[in-house]
Number of protein chains: 2
Amino acid sequence: MAENRPPDPSRRSERSRRAIHDAALGLVGEVGYGRTTVEAIAARAGVGKQTIYRWWPSKAAVLLDAFIDLGNRAAREAGEQAAGFPDTGDLAADLKLVLRATVDELNDPAFEAPTRALAAAGIVDPQLGAEFVQKLLDPGLQLYATRLRAAQEAGRVRAGVDPRIALELLVGPLTHRWLLRTLPLTHTYADAVVDYALHGIANP
Amino acid sequence: MAENRPPDPSRRSERSRRAIHDAALGLVGEVGYGRTTVEAIAARAGVGKQTIYRWWPSKAAVLLDAFIDLGNRAAREAGEQAAGFPDTGDLAADLKLVLRATVDELNDPAFEAPTRALAAAGIVDPQLGAEFVQKLLDPGLQLYATRLRAAQEAGRVRAGVDPRIALELLVGPLTHRWLLRTLPLTHTYADAVVDYALHGIANP
């Protein structure tokens, strides 16, 4: 009978890991990256500090995993594929779908505070910034580059265009508007960015 | 004879003001916005704390003026006009000139540390962020919007394009690359961003 089974250590680990992730994201959103400590994460998660150090070498490593986990959970909730960039053959539609989802994610309070705290820390700390760009940001940017390259091979994107630069005309405006809070981040805005980036703002 | 003239109070004020600006920018670049204090600015500038409070109500106000002064000095050194966005009739050339100058400014060590510190502080502090966007960022963005609107009236920009969104395809990519340090910020990159934004990445 279930009640008599010994506790499952892997399930308990999973619960602790999730509690540590949630504590880390909550703290960094509340007090900032600089004032978040491994001690405070452990206390909030209800585990010993040694439990954290058994799994992660540093505060940055805990947060990195916590963000990857948060992104995966959000993707699962949104019903997205794990390897996730749509390719229906309609580049504009695919880009609008992804940029609208990005808008929703950036406007989601669960993301907002910790993502801002981490971005702010990386902006003034080159080593931390490089680690998070390499492990969190670049994999997502590569998905854009791959999709744009496929469109280029299908003759939909101009031959001379560098996909690695082109993707910045899509993600750059959203990031700018969100980080600096210049104007509201909406689906209408995401659609306009895609249209302008694809067709240009100049008269042909 | 010069040696016998009494000290000129307005010139002494100007010297103090400049010393306070330099101290504020130096400190914020070294220790961050949060740990910069009016006391420390006063000590480094060699003035009393009351001198600062006579001219500015807060640390944020000192830094705001220091940044405006830094921008004006850089513009003067670059030989730019005060009201500054070129309109030669060649939109691509004008935009490349401005974006290349922005690249140079962002790569200038005198700007780098304090600008990063301020951006990071604004990203996690909505009130501070709003103040700096309104007073430091928006006036520059308005110059882009005005130039794009003039091009639109001259038939060079498509009629349906919103200049306030279009400008983000120019400044967004540069800001993204610079803040997150994804790849080097160069003139070649600035030129590509202008070309892609004007003519689009899609095959016509």
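The structure presented is a predicted model; accordingly, all values stated were derived computationally and were not measured.

Peer 1: Before we move on, can you summarise the overall build of chain A with the specific residues and values?
Peer 2: Scanning chain A from N- to C-terminus turns up 10 helices and zero strands. The helix and strand sequence of chain A, counted from the amino end, reads α-α-α-α-α-α-α-α-α-α. With the C-alpha coordinates aligned to their principal axes, the bounding extent of chain A is approximately 70 × 45 × 25 Å. Scored against the burial criterion, the 204 residues of chain A give a buried share of 47%. As presented, chain A carries roughly 10,200 Å² of accessible surface, and 54% of it is formed by carbon and sulfur atoms.

Peer 1: I'd like to hear about the side chain of B:Arg147, residue by residue, with values.
Peer 2: All names here are of chain B. In this structure, Arg-147 sits in helix H7 (residues 126–153). A polar contact is formed between the side chain of Arg-147 and the side chain of Asp-94, at a distance of 2.9 Å. Setting aside chain neighbours within four positions, we find Arg-147 in contact with Phe-85, Pro-86, Asp-87, Thr-88, Gly-89, Asp-90, Leu-91 and Asp-94.

Peer 1: Lay out the packing of helix H9 (residues 168–180) of chain B against helix H10 (residues 187–199) of chain B with the relevant residues and their values.
Peer 2: Residues and elements named next belong to chain B. The N-to-C vectors of H9 and H10 enclose an angle of 145°; their axes lie 9 Å apart at closest approach. The handedness of the crossing between H9 and H10 comes out as right-handed. Across the interface between the two elements, Leu-169, Leu-170, Pro-173, Leu-174 and Arg-177 of H9 pack against Tyr-189, Val-193, Val-194 and Ala-197 of H10. Its residues placed into classes, the contact of H9 with H10 shows eight nonpolar, no polar and one charged.

Peer 1: Any details on the relation of the copies chain A and chain B? Residues and values, ideally.
Peer 2: Of the two same-sequence chains, chain A is brought onto chain B (RMSD 0.0 Å, axial shift 0.0 Å) by a rotation of 180°. The transformation just described matches what one would write down for a two-fold rotation axis. Among all C-alpha atoms of chain A, that of A:Gly200 lies closest to the rotation axis, at 1.8 Å. An overlap of 100% is found between the interface residues of chain A and their copies at the interface of chain B, pointing to a shared contact surface.

Peer 1: Could you give me a rundown of H10(B), with the residues and numbers involved?
Peer 2: For H10(B), built from 13 residues, the straight-helix expectation of 18 Å at 1.5 Å per residue is met to within 8% by its first-to-last C-alpha distance of 18 Å. Along H10(B), the positions that sit buried rather than exposed are B:Tyr189, B:Ala190, B:Asp191, B:Ala192, B:Val193, B:Val194, B:Tyr196, B:Ala197 and B:Leu198. On its buried side, H10(B) packs onto helix H8 (163–166), helix H9 (168–180) and helix H10 (187–199) of chain A together with helix H5 (91–106) and H9 of chain B. A positive phi of about 80° marks B:Gly200, the residue just after H10(B).

Peer 1: Which residues make up the UniProt feature "DNA-binding region" (unreviewed entry) in chain A, and what are the values?
Peer 2: Per the UniProt annotation, the sites labelled "DNA-binding region" (unreviewed entry) are residues 37–56 of chain A. Helix makes up 75% of residues 37–56 of chain A and strand 0%, with an end-to-end C-alpha separation of 13 Å.

Peer 1: How would you summarise the environment of B:Val171 if you had to cite specific residues and measurements?
Peer 2: Tracing the chain through its elements places B:Val171 in helix H9. When the C-alpha positions of B:Val171 and B:Leu64 are compared, they lie 21 Å apart, and in sequence the two are 107 residues distant. When sequence neighbours within four positions are dropped, the list of residues in contact with B:Val171 reads A:His176, B:Leu141 and B:Tyr144.

Peer 1: Let's hear about the packing of aromatic side chains: which residues, and what values?
Peer 2: According to the stated counting rule, one finds four aromatic pairs over all chains in the structure shown. With centroids separated by 5.8 Å and ring planes inclined at 90°, the aromatic side chains of A:Trp55 and A:Trp56 adopt a geometry described as edge-to-face. We classify A:Trp56 as buried; its relative accessible area is 3%. The aromatic ring of B:Trp55 is capped on one face by B:Arg54, whose charged end is 6.0 Å from the ring centroid. Positioned above the aromatic ring of B:Tyr189, the side-chain terminus of B:Arg177 is 3.6 Å from the ring centre.

Peer 1: Just give me the short version of the interface of chain A and chain B, but keep the residues and values in it.
Peer 2: The interface is formed by 47 residues belonging to chain A together with 47 residues belonging to chain B. Counting each side, the surface lost to burial between chain A and chain B is near 4,400 Å², with a carbon and sulfur contribution of 65%. The interface formed by chain A and chain B holds two salt bridges in total. One can count 26 residue pairs in polar contact (both at pLDDT 80 or more) joining chain A with chain B.

Peer 1: Outline the environment of A:Ala66, supporting the account with residue identities and numerical values.
Peer 2: Residue and element names in this part refer to chain A. Structurally, Ala-66 can be placed in helix H4 (residues 59–77). Counting along the chain gives 71 residues from Ala-66 to Leu-137, while the straight-line C-alpha distance between them is 14 Å. Not counting chain neighbours up to four residues away, the residues in contact with Ala-66 comprise His-21 and Leu-25.

Peer 1: Just give me the short version of the side chain of A:Arg177, but keep the residues and values in it.
Peer 2: Take A:Arg177: it is sitting in helix H9. Within the local environment of A:Arg177, its side chain forms a polar contact with the side chain of B:Glu168, the two groups lying 2.5 Å apart. For A:Arg177, the residues in contact, after removing those within four places along its chain, are A:Thr182, A:Leu183, A:Pro184, A:Leu185, A:Tyr189, B:Arg164, B:Ile165 and B:Glu168.

Peer 1: Help me get a handle on the pattern of salt bridges, residues and values and all.
Peer 2: Applying the stated criterion across every chain, the model contains 26 salt bridges over all chains. Salt-bridge contacts for B:Asp69 lead to B:Arg73; the nearest nitrogen and oxygen are separated by 3.3 Å. In this pair, B:Asp69 and B:Arg73 are both assigned in helix H4 (residues 59–77), four residues apart and thus about one turn of the helix distant. Residues joined in a network through salt bridges with shared partners are A:Arg18, A:Asp22, A:Asp69 and A:Arg73.

About the cut-offs
- Residues numbered from 1 in each chain as written.
- Chains lettered and ligands numbered in written order.
- Predicted model: local features only at pLDDT ≥ 70, side-chain atom pairs only at ≥ 80, totals over all residues.
- Heavy atoms only, no water.
- Helix = DSSP H or I, 4+ residues; strand = E, 2+ residues; numbered from the N terminus.
- Buried < 20%, exposed > 50% of the residue type's maximum accessible area, 1.4 Å probe, protein only.
- Areas by Shrake-Rupley, 256 points an atom, 1.4 Å probe, with all protein chains shown as cover.
- Polar contact = N/O pair within 3.5 Å; in protein donor to acceptor, adjacent residues only side chain to side chain.
- Contact = heavy atoms within 4.5 Å.
- Axes fitted to C-alpha atoms, helices over the stretch in contact; angles between N-to-C directions.
- Left-handed = near helix turned anticlockwise from the far one by under 90°.
- Nonpolar A, V, L, I, M, F, W, Y, C, P; charged D, E, K, R; others polar.
- Least-squares fit on C-alpha atoms with pLDDT ≥ 70 in both.
- Expected span 1.5 Å × (residues − 1).
- UniProt positions renumbered as here; feature names shortened; annotations may be inferred.
- Phe/Tyr/Trp six-rings, centres within 6.5 Å; stacked < 30°, edge-to-face > 60°.
- Lys NZ or Arg CZ within 6 Å of the ring centre and 35° of its normal.
- Buried area = accessible area lost by both parts, 1.4 Å probe.
- Salt bridge = Lys/Arg side-chain N within 4 Å of Asp/Glu carboxyl O.

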